[in-house]
Amino acid sequence: MPPSKLNSSGEASVSCSQSENGFLSSHSLLNSEKAVQELLQESPVQGSDDHLIEFSEAMRTVAKALRRAAEAKACAQAEAAEWKRKYELERMRNLQLEHKEKSLKEHHSDDERMETLASQSSMQPEYCCGRNGICSHEVLRDGEADSEPNFLPNNKFMRKASFKLSWWCKGEHSDQHKHDIVSFERGNITTAERSSRQISLRWESDPQTVLILTKPNSTSVQILCIEMVRWLRAQKKLDIYVEPRVRAELLSESSDFNFVHTWKDANEIMLLHTKVDLVVTLGGDGTVLWAASMFKGPVPPVVPFSLGSLGFMTPFYSEHYRECLNSILKGPISITLRHRLQCHVIRDDAKTEYETEEPILVLNEVTIDRGISSYLVNLECYCDNSFVTSVQGDGLILSTTSGSTAYSLAAGGSMVHPQVPGILFTPICPHSLSFRPLILPEHVTIRVQVPFNSRSQAWASFDGKDRKQLKPGDALVCSMAPWPVPTACLVDSTNDFLRSIHDGLHWNLRKTQSFDGPRDLS
Ligand SMILES: NC(=O)c1ccc[n+]([C@@H]2O[C@H](COP(=O)([O-])OP(=O)(O)OC[C@H]3O[C@@H](n4cnc5c(N)ncnc54)[C@H](O)[C@@H]3O)[C@@H](O)[C@H]2O)c1
Ligand SMILES: Nc1ncnc2c1ncn2[C@@H]1O[C@H](COP(=O)(O)OP(=O)(O)OP(=O)(O)O)[C@@H](O)[C@H]1O
């Protein structure tokens, strides 16, 4: 008997067939997820009709098999997304190697090259950091292998500054920092603190190159940018990169600004992280999001100056930019490692499970909503291999902890310290009284699927930008990205976070009760 579900009029509505790639085909899953849920929620048939009981049991078995198939598909798609990420990583690495080789060929004789490499390796001892720290050149040597020099068009030697990251464990002098994540010393289970460490960045060689990113169409930002570029060049002798639009603005101000660098195409943007030591943003939170979106891989430390209205991620005062930059260029700096989410859209009509679109990294959140449709969205959500829930409402926000004070907060999500590694799962206007927001651990992969029986399509947007349509059968797979955004702190991660919710939201602001009045001091 083919698996089928009897509807109220006794007709079979679901049939299930195996497709070429071993998964249940899209159309065989038609209506299935909803049917599965209904079936599994129904209580087993009671009574004396053996045939009916047997049939009901068979239906429940089919329902469970369909659920397992859907979960297996979720798992395969998540795996495909992970492979795609690894592929992107490899592609970026190759691009960098190609670029480096080209520069070396163009600008260096072989002898000079050997000399440079020799002098660099003598600068880098094998292991220079303790267990509570890590050096950028150690990471680069293992992963990016890009500690070799870059060359500016004027043939000037440009080497990315190296730095050391270290974190302060609570009780540096206690035994705690000696533990791995979980230790079983002397039979006692103890854990090291993982999430709320303050991270400190110490330059090992002087930063040489700064990228300045500015909010467009703002006169105050433009004026500050001109001043800052002049100062950084004259006083700090730094190389400066800006966006092509900003370079044109600077040149229209004065031709003296022709020392400022920019880029021509997306390939050059992909290589920016190998050249830039520090990113300065002049604007609001949106400019920090913009800066993060320019780096599809590793991100250099970001120094966000506040020239917007709110500024949750922009702790630096623009009036004091000279003092701030002086102390940041000198170091050490307290930084917040802001985690990002990596999102893949997987189309139902992709020919293989491995065909996904370019991944998109978000610093705040990815939102899947109903767009201009007036229907409820219907979104099936899976976490790793498990079914989470169906969202029926205006949509769903998958947010980082940095984004917890943005859209997710407006939709009723909790505010979370940005250093906490987790993914917020926040519904937007759910049509159910019991749908409370969740916070999931950082290691999970979440898949949000528009079911085939959905009445409408959905729309995904990334940090409030780049809307993509999701048709029935399309899915969005989301996991923690390996490249956080390190943002410089004014004081430290916790102090800055608390200041931002006090100043930005007036969190829990209430007049204090006066002393005179009824008291209970017993
Ligand atoms: N109902 C809402 O609250 C709502 C609706 C749409 C978008 N947004 C947010 O706007 C963000 C895009 O920002 P934009 O500046 O490009 O657009 P925008 O210019 O429309 O600004 C949106 C507002 O969100 C604030 N914001 C951004 N990131 C924040 C964060 N991490 N914490 C606290 N506030 C934050 C900004 O300061 C700004 O005031 C999206 O990522 C989304 O989080 C919020
Ligand atoms: N360099 C840039 N190029 C293009 N767009 C940018 C750039 N920097 C910022 N934006 C966009 O401009 C918009 C406004 O930026 P931002 O949020 O920084 O300023 P704001 O709105 O004045 O600040 P606030 O959000 O605090 O009120 C954002 O949507 C952001 O994506």
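Look up: the structure comes first, before these words.
Just so we're clear, the structure is a prediction, and the values are computed from it rather than from any experiment.

Enquirer: How would you explain the packing of helix α5 (residues 219-236) against helix α9 (residues 321-330) if you had to name every residue and give the values?
Expert: The geometry of α5 relative to α9 is characterised by a closest axis approach of 11 Å and an angle of 45° between their N-to-C directions. Between α5 and α9, the angle falls in the class oblique. Remark: the crossing between α5 and α9 carries right-handed chirality. The segment α5 lies against α9, with L224, E227, M228, W231, L232 and K236 engaging Y321, R322, L325, N326 and L329.

Enquirer: Summarise the packing of α5 against helix α6 (residues 244-253); cite the residues concerned and give the values.
Expert: The relative placement of two packed helices is expressed as an angle between their axes plus a distance between the axes. For the pair α5 and α6, the least separation of the axes is 11 Å and the interaxial angle reads 75°. The pairing of α5 with α6 is recorded here as roughly perpendicular in orientation. Counted together, Q222, C225, I226 and V229 of α5 and V246, E249, L250 and E253 of α6 form the full contact between these two elements. Broken down by class, the residue content of the contact of α5 with α6 amounts to 5 nonpolar, 1 polar and 2 charged.

Enquirer: Outline the nonpolar core, listing residues and values.
Expert: Counting residues in hydrophobic clusters, the biggest one holds 40 residues, and the most contacted among them are I212, L232, L282 and F305. Once residues within four sequence positions are removed from consideration, L232 is found in contact with V210, I212, K237, L238, I240, L325 and L329. Within the second largest apolar cluster, 29 residues are counted, among which are V377, C383, L398 and F462.

Enquirer: Residue-level account of the site of ligand 1, with values.
Expert: Near ligand 1 you find 16 residues, and of these D285, N364, E365, T405 and A406 are the closest. In this structure, N364 approaches ligand 1 through a side-chain N or O atom, which is 2.9 Å from a nitrogen atom. Protein contact buries 64% of the 780 Å² of open area that ligand 1 shows by itself. Only α8 (285-294) and α10 (407-410) provide two or more residues apiece to the shell around ligand 1. Here the shell around ligand 1 gets 3 residues from one element, more than from any other, and that element is α8. For the shell around ligand 1, the residue count by class is 7 nonpolar, 5 polar and 4 charged.

Definitions and cut-offs
The numbers attached to residues start from 1 for each chain and follow its sequence in the written order. Lettering of chains starts at A and numbering of ligands starts at 1, both following the order in which they are written. Reporting of local features is limited, given that this is a predicted model, to residues whose pLDDT is at least 70; pairs of side-chain atoms are given and counted only at 80 or more, and all residues count toward the totals for whole chains, interfaces and linings. As a convention, hydrogens and water are excluded, and side-chain values are obtained from all of the structure's heavy atoms. The angle between two axes is taken between their N-to-C directions and runs from 0 to 180 degrees, where each axis is a line fitted to C-alpha atoms and a helix contributes only its stretch in contact. For helices the rule is a DSSP run of H or I covering at least 4 residues; for strands it is a run of E covering at least 2, with both sets numbered from the N terminus onward. For classification, angles of less than 35 degrees are called roughly parallel, those exceeding 145 degrees roughly antiparallel, those between 65 and 115 degrees roughly perpendicular, and all remaining angles oblique. Crossing handedness: left-handed means the near helix sits turned counterclockwise from the far one by under a right angle, and right-handed means the same turn made clockwise. Throughout, a contact is declared for two residues whenever any of their heavy atoms are within 4.5 Å. Charged means Asp, Glu, Lys or Arg here, nonpolar means Ala, Val, Leu, Ile, Met, Phe, Trp, Tyr, Cys or Pro, and polar covers whatever is left, Gly included. Nonpolar core, defined: a set of buried Ala, Val, Leu, Ile, Met, Phe, Trp, Tyr and Cys residues in which side-chain atoms within 4.5 Å join the residues together. Each residue is assigned to one of three classes by its accessible area relative to the maximum for its type, calculated with a 1.4 Å probe on protein chains only: buried under 20%, partly exposed between the two thresholds, exposed over 50%. Put simply, a residue is near a molecule or strand once any heavy atom of it comes within 4 Å of that molecule or strand. Throughout this description, a polar contact denotes any pair of N or O atoms lying within 3.5 Å of each other; where both atoms belong to protein, one of them has to be capable of donating a hydrogen while the other can accept it, and for residues adjacent in sequence the pair is counted only when both atoms sit in side chains. Using a 1.4 Å probe, accessible areas were evaluated by the Shrake-Rupley method; residue-level cover was limited to the displayed protein chains.

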